[in-house]
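# Observations on the three-dimensional arrangement
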Amino acid sequence: MACCILFLSVFLGILAPISSAARSFFVFGDSLVDSGNNNYLASTARADAPPYGLDSAEHRASGRFSNGKNTPDILSEQLGAAEPPLPYLSPHLDGQKLLIGANFASAGIGILNDTGIQFANIIRIEKQLYYFEQYQQRLSKLIGAQEVKRLVNNGIVLITLGGNDFLTTTI
């Protein structure tokens, strides 16, 4: 069911009219949409070595749990963005790059609190939402609270969550 909802969301998002104004893009979830946050953590859930990234333009692992682009990358292209949002933990997410949005996703998480306990140090959904609050505070220093509110309210949000709850549940 979750896959159907994600597919439908992506399909409708691609068909929806895209305004000429740049829109911020916020990503929350698990490994399906993680663009590298876990590479900044002492975690066993990382995508910083082959085979990850083999089909990417750089032919190297980028923190995405795929051999090339992931859903946020493709959606960013469809939205006409110059680049997808950077991982929130990336040291490169500052200044004007904050205006693009941010990716808060972390491989291994689930809806359930004990999902992913086998991985040391992952960013559970509650922490992703906390980071989103921090992101808004950082951005407020750059453009002011009113502009942050406008940017967030007009932004696009992608949430992919729940698959790991089924994969790691024990009977």
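Residues numbered from 1 in each chain as written. Predicted model: local features only at pLDDT ≥ 70, side-chain atom pairs only at ≥ 80, totals over all residues. Heavy atoms only, no water.

The protein carries the name GDSL esterase/lipase in an unreviewed UniProt entry, which gives Rhynchospora pubera as its organism.

This brings us to the environment of D48. Looking at the secondary structure, you find D48 in the loop between β1 (25–29) and α2 (71–78). Linking D48 and A61, residues 13 residues apart in sequence, is a C-alpha distance of 5.0 Å. For D48, the side chain forms a polar contact with the side chain of R46, separated by 2.7 Å. (Helix = DSSP H or I, 4+ residues; strand = E, 2+ residues; numbered from the N terminus. Polar contact = N/O pair within 3.5 Å; in protein donor to acceptor, adjacent residues only side chain to side chain.)

Let us now look at the packing of helix α3 (residues 125–143) against helix α4 (residues 145–153). Running from amino to carboxyl end, α3 crosses α4 at an angle of 130 degrees, the nearest separation of the two axes being 8 Å. Considering the angle they form, α3 stands oblique to α4. Along this stretch, α3 crosses α4, giving a crossing that reads as right-handed. Only A145, E147, V148, L151 and V152 of α4 make contact with α3, whose side of the interface consists of F132, Y135, Q136, L139, S140 and I143. Of the residues assigned to the contact of α3 with α4, the class counts are eight nonpolar, two polar and one charged. (Axes fitted to C-alpha atoms, helices over the stretch in contact; angles between N-to-C directions. Parallel < 35°, antiparallel > 145°, perpendicular 65-115°, else oblique. Left-handed = near helix turned anticlockwise from the far one by under 90°. Contact = heavy atoms within 4.5 Å. Nonpolar A, V, L, I, M, F, W, Y, C, P; charged D, E, K, R; others polar.)

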